[in-house]
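Chain and residue survey
So you can see what is in the structure, the chains are spelled out below.
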Amino acid sequence: MTTTESRSASGVEPEIGQSRRRKEDEHLLTGRTRWTDNIVLPGMLHAAILRSPFSHARITGIDVEGAKTLPGVIAVYTGADLAEEQGSLPCAWPITEDQLAPPAPSLAVDTVNFAGEAVAVVVARTAYEAHDALDSIDVDYEDLPVVLDLTDAAADTELVHPDLGTNRSATWTFDSAEAGSGGNVEDAIRDAEVLIERTFRQQRLIPAFMEPRSVVVDPTATQITMWSATQVPHVLKLMLAMSLGIPEHKLRVIAPDVGGGFGGKLQVTPEEVLTLLIARRLHKPVKYTESRSESMVAAHHGRDQVQKLTLAARRDGTVTGFKVELLADMGAYLRLVTPGVPILGAFMFTGIYKFDSYRFTCTNVFTNKVPTDAYRGAGRPEATFAIERMMDELAVELSMDPIEVREKNWIKHEEFPFDSVAGLTYDSGNYEAATAKALELFDYDGLRREQAQRRESKDPIQLGIGVSTFTEMCGLAPSRVLGSLSYGAGGWEHAAVRMLPTGKVEVVTGSSAHGQGHETAWSQIVADQLGIPFDDIEILHGDTQSSPRGLDTYGSRSLAVGGIAVVKAAEKVVAKARPIAAHLMECAEDDLEFTGGRFKVKGTEKSVALTDVALAVFAAHDLPDGVEPNLDSEATYDPDNFSFPHGTHLCAVEIDTETGHVRIRKYVCVDDIGHVVNPLIVEGQVHGGLAQGISQALYEEAVHDESGTLLSGSFAEYLLPTAVDLPSFVTDRTNTPAPGNPLGVKGVGEAGTIASTPAVVNSVLDALRPFGVRSIDMPCTPMRVWHALRSAEETNR
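So, a few notes on the structure that sits alongside this text. (Residues numbered from 1 in each chain as written. Predicted model: local features only at pLDDT ≥ 70, side-chain atom pairs only at ≥ 80, totals over all residues. Heavy atoms only, no water.)

Observations regarding the overall build of the protein chain
The helix and strand tally for the protein chain stands at 23 helices and 28 strands. Expected size for 797 residues packed as a compact globule is a radius of gyration near 28 Å; at 28 Å, the protein chain falls within 12% of this value. Counting only C-alpha atoms and orienting by the principal axes, one finds that the protein chain spans roughly 95 × 75 × 50 Å. Scored against the burial criterion, the 797 residues of the protein chain give a buried share of 61%. When contacts within the protein chain are restricted to residue pairs at least 6 apart in sequence, long-range pairs at least 24 apart make up 79% of them. Of the roughly 29800 Å² that the protein chain leaves accessible, carbon and sulfur atoms contribute 50%. Taking the average location of the 70 positive side-chain charges in the protein chain and that of its 111 negative ones, the two points are 3 Å from each other. (Helix = DSSP H or I, 4+ residues; strand = E, 2+ residues; numbered from the N terminus. Rg over C-alpha atoms; globule rule 2.2 N^0.38 Å. Buried < 20%, exposed > 50% of the residue type's maximum accessible area, 1.4 Å probe, protein only. Contact = heavy atoms within 4.5 Å. Areas by Shrake-Rupley, 256 points an atom, 1.4 Å probe, with all protein chains shown as cover. Lys, Arg positive; Asp, Glu negative; His and termini not counted. Charge placed at Lys NZ, Arg CZ, Asp CG, Glu CD.)

Regarding unusual backbone geometry
For the peptide bond that leads from Phe-416 to Pro-417, omega is -5°, which places it in the cis range. Following the sequence through the fold, Pro-417 ends up in the loop between helix 14 (402–409) and strand 16 (418–419). The amide bond that connects Met-778 to the next residue, Pro-779, takes the cis arrangement and shows omega of -5°. Of note, Pro-779 is situated in the loop between helix 22 (751–768) and helix 23 (782–796). Positive phi, close to 55°, is recorded for Ser-399, a residue that is not glycine.

Focus: the pattern of salt bridges
Overall, the coordinates contain 49 salt bridges when judged by the stated rule. Note that Arg-204 is salt-bridged to Asp-304, the shortest N-O span being 2.7 Å. With a gap of 100 residues between them, Arg-204 in strand 8 (residues 194–205) and Asp-304 in strand 13 (residues 302–313) connect regions that are remote in the sequence. Accessibility expressed as a relative area gives 1% for Asp-304, which makes it buried. A salt bridge links Arg-769 to Glu-393; the shortest N-O distance between them is 2.9 Å. Of this pair, Arg-769 sits in the loop between helix 22 and helix 23 while Glu-393 sits in helix 13 (residues 380–398), placing them 376 residues apart in sequence. For the residue pair Arg-769 and Glu-393, the accessibility class agrees, reading buried in each case. Sharing partners across several salt bridges, the network here consists of Arg-51, Arg-213, Glu-271, Glu-290 and Glu-294. (Salt bridge = Lys/Arg side-chain N within 4 Å of Asp/Glu carboxyl O.)

A closer look at the pairing of strand 5 (residues 118–124)
Summarising burial for strand 5: 7 of the 7 residues are buried, a large majority. Bridge count between strand 1 (residues 45–51) and strand 5: 6 bridges; the pairing is antiparallel. For Arg-51, the partnering residue across the bridge sits in strand 5 and is Ala-118. The pairing of strand 3 (residues 73–78) with strand 5 spans 5 bridges and is antiparallel. Across the sheet, Val-73 pairs through a bridge with Ala-124, a residue of strand 5. (Pairing = 2+ DSSP bridges.)

Observations regarding the packing of aromatic side chains
Following the criterion strictly, the structure yields 17 aromatic pairs and no others. For the ring pair Phe-54 and Tyr-141, a centre distance of 4.9 Å and an interplane angle of 55° mean the geometry is tilted. Here Tyr-141 lies in strand 6 (residues 138–143) and Phe-54 lies in the loop between strand 1 and strand 2 (57–63), a separation of 87 residues in the sequence. For Phe-54, a relative accessible area of 32% puts it in the partly exposed group. An angle of 35° between the planes, with centres 4.9 Å apart, marks the rings of Tyr-426 and Phe-644 as tilted. (Phe/Tyr/Trp six-rings, centres within 6.5 Å; stacked < 30°, edge-to-face > 60°.)

Quick word on the sheet that holds strand 27 (residues 662–672)
Spatial strand order, 18-26-27-28: 4 strands in an open sheet with mixed pairing. The open sheet has two edge strands with one neighbour each: strand 18 (461–471) and strand 28 (730–734). Pairwise comparison of adjacent strand axes, ignoring direction, gives a mean angle of 15° for this sheet. Note that strand 27 and strand 28 share 5 bridges and pair parallel. Along strand 28, the bridge assignment pairs Asp-672 with Thr-734. (Axes fitted to C-alpha atoms, helices over the stretch in contact; angles between N-to-C directions.)

Let's talk about the sheet that holds strand 6
Read from one edge of the open sheet, 3 strands run 4-2-6, paired in antiparallel fashion. Bordering the open sheet on either side are strand 4 (111–112) and strand 6, each of which pairs with just one other strand. Pairing of strand 2 with strand 6 involves 6 bridges; the strand directions are antiparallel. Considered in strand 6, the bridge of Asp-63 is made with Asp-138.

Digging into the nonpolar core
Core analysis: the biggest nonpolar cluster contains 148 residues, and Leu-311, Phe-322, Phe-349, Tyr-358, Phe-360, Tyr-667 and Leu-698 have the highest contact counts within it. Among the elements that take part in this core, helix 13 stands out by supplying 9 residues, more than any other. The residues contacting Phe-349, other than those within four sequence positions of it, are Gln-307, Leu-309, Phe-322, Val-324, Leu-326, Tyr-358, Phe-360, Glu-382, Ala-383, Ala-386 and Ile-387. Ile-537, Val-574, Ile-580 and Val-677 belong to the second-largest nonpolar core, a separate cluster that totals 47 residues. (Core = buried A, V, L, I, M, F, W, Y, C linked by side-chain atoms within 4.5 Å.)

Brief notes about the environment of Phe-715
Relative to the elements of secondary structure, Phe-715 occurs in the loop between helix 21 (679–698) and strand 28. Classification of Phe-715 as partly exposed rests on a relative accessible area of 38%. Along the primary structure Phe-715 and Thr-361 are separated by 354 residues, whereas in three dimensions their C-alpha atoms are 35 Å apart. Residues within four places of Phe-715 in sequence aside, it is in contact with Ala-208, Arg-292, Met-296 and Leu-720.

Some remarks on the packing of helix 13 against helix 14
Orientation of helix 13 relative to helix 14, taken along the N-to-C sense of each, is 110°, at an axis distance of 8 Å. One finds that helix 13 runs roughly perpendicular with respect to helix 14. Between helix 13 and helix 14 the crossing geometry is right-handed. Packed against helix 13, whose contacting residues are Glu-388, Met-391, Asp-392, Leu-394 and Ala-395, the element helix 14 presents Pro-402, Val-405, Arg-406 and Asn-409 at the interface. (Parallel < 35°, antiparallel > 145°, perpendicular 65-115°, else oblique. Left-handed = near helix turned anticlockwise from the far one by under 90°.)

Details of the packing of helix 19 (residues 558–585) against helix 20 (residues 610–619)
Between helix 19 and helix 20, the least distance of the axes is 10 Å, while the angle of their chain directions is 90°. Regarding the angle of helix 19 to helix 20, the classification is roughly perpendicular. Two secondary-structure elements touch here, helix 19 through Ala-577, Ile-580, Ala-581 and Leu-584 and helix 20 through Leu-610, Val-613, Ala-616 and Val-617. Class assignment for the residues of the contact of helix 19 with helix 20 results in 8 nonpolar, no polar and no charged. (Nonpolar A, V, L, I, M, F, W, Y, C, P; charged D, E, K, R; others polar.)

What about helix 21?
Compared with the 28 Å implied by 1.5 Å per residue over 20 residues, the 28 Å span of helix 21 between its first and last C-alpha is a close match. Burial within helix 21 is extensive, with 15 of its 20 residues counted as buried. The distance from a side-chain oxygen at the start of helix 21 to the backbone nitrogen of Leu-680 is 3.0 Å, and the residue carrying that oxygen is Asn-678. (Expected span 1.5 Å × (residues − 1). Polar contact = N/O pair within 3.5 Å; in protein donor to acceptor, adjacent residues only side chain to side chain.)

Quick word on the environment of Thr-111
By the element assignment, Thr-111 lies in strand 4. Assessed through its relative accessible area of 21%, Thr-111 is described here as partly exposed. In this structure, the C-alpha to C-alpha distance between Thr-111 and Asp-98, residues 13 residues apart in sequence, is 24 Å. Ignoring sequence-local partners within four residues, the contact set of Thr-111 consists of His-56, Ala-57, Arg-58, Ile-59, Glu-117, Leu-144 and Tyr-333. Reaching out from Thr-111, the side chain makes a polar contact with the side chain of Asp-110 at a distance of 3.2 Å.

As structure tokens, then:
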């Protein structure tokens, strides 16, 4: 019997499964937030950064004297001033032994390699004085050849870093034949009855989190304290200590309220390094807060791949092999996990399917653009897009229904656990159930009939229907797996549960929330584990002093790893309390059962509450010999495997063939994320993920001109959808519990983003194929759709 079941059996309604409103929302909604930019310290100075307008140039001179004389200016620094101490920004994921990585200074010294790179810093008494002084800095640049196109970069036509001798940073390969997980893909291609070859473009995206990045450093105490709008305070502390030679115990990092991240704040940033170095030099607190336009041109971007795909199949629709060849844009430098992001997708290009053979090759390439790194899904959305687009292309080639061709190839529920051709063991799933429910909610057959009618009547508003299935490797964790991929850290997570004498509970978690709802979900988990009221539980996180151990939040790992660490710590509390409860009731430990927050002697009415045990431990007047007066417990959890949520997403779009306008008429998704702790939080995560995935399909793209200048450097040019642009989503769930953890949970933070993009693009192409349109690049803007229709019209004449 699980703790939740025993709590229910005791007559107390379990917390897990309830749609609790988030306890962290009240202070956000009532203006009592503590964003990093809200922090004000005595004597605090402000930094502003001058950024290069050129994407590739040699710095031939910097004159800062004019800026130094302006009112309020305390100091001005160039790369030459900090060259000896700034070091190189860390990359924690060398994917191959021969990976090439150029030095990555926080402040450019002699060369800039992307437009937006920092070249000088002004420190002044106010932020306004610091920004005004930037205009008085004169920088002389000598233009260098610009490398922007991925294919040109891979050909080494011009070099981003001439000292490296090539733009190719590394090439990483997985081959099922070599790994022993499948056959030889070249044999499958040679013997194929049907061969589908396509090249897809994953456009560059900007994370566009709500709160711009901000950092405050106070060096005035014995311990340097940094407040940062970061997803990864523990990782940031370690990397800063290692990169800058600061004793780790002399550095404290705090992530206060953080306004979203989506992977965009999973970073050790130049701004964090510079603010720390300057504060230490001046021995004064210093704050830096970026503007929105700075965020767009300097914070890391996401995606940006060229995918060359070859799918081999038989005429009955059975896929026999899949070959993937990627070019992945690193940008100008390797940031924290830049080279590993496309590698995460390597294990997901085969999706929910049981292919016989598979080969994946990724070449990471430097360009003169902002570095890329993790963005919601990090490799998994790119992989799902590729395979789901190819399954639709196969269905078209064979005149099969796209659902039928997927069903022909997917893993059946009775085949789990299943060893995939990509080398993973999928622990659980029921693709049939999720798809059946989605088809019913969508009225798939009815919409197909309507589509046929519109085509027959030559309606200018055409209907397209798109399908996407997915699974993903969630809970980025198993340390041994990460080690085998040369990742620079483990994947465990830590938690502590502290029983206070009054029966209240403090939970310390190494997961660092920035909108996920940890304070609510963790409270629900502990309430069920210990039988403590939900409101009597406080969650502490995001501070490396109060929470010294942790690996933070990304990769849908919080619940499946961090949440389980909380469970394990709570179980230890009960285990430590058991002998004390037995002593208090003068019985044997084996005679006790723990339900609903009480230890009860089996077969009797005699019981004692855990809260009473906590008070007795505090008093320590009558404890068993050799038992320490302390119930507080800690746990570090490192799972044996990933978790594998999955789902089926269906999209219906209406396209005005005269204007190219795309409107989503209906969107249905049925996800299987195992047991659900809080359905309300899950719905929020799914809706947000859907919005971002749909946005990639229809709206977002980072666009550069031929010189490397970002043209979409504000929300006036970088289009994001609003509620007006999106439909009311129809969401539901099936439940195949994860067998690898005691809660049976998987992960949901990235599910909507992963599945929605191919569902939308497949629906757009489904509407356009009768007109001769065979492909379209994302985003599927009205202009692109209109041009595709006109081009097909010209071709068909």
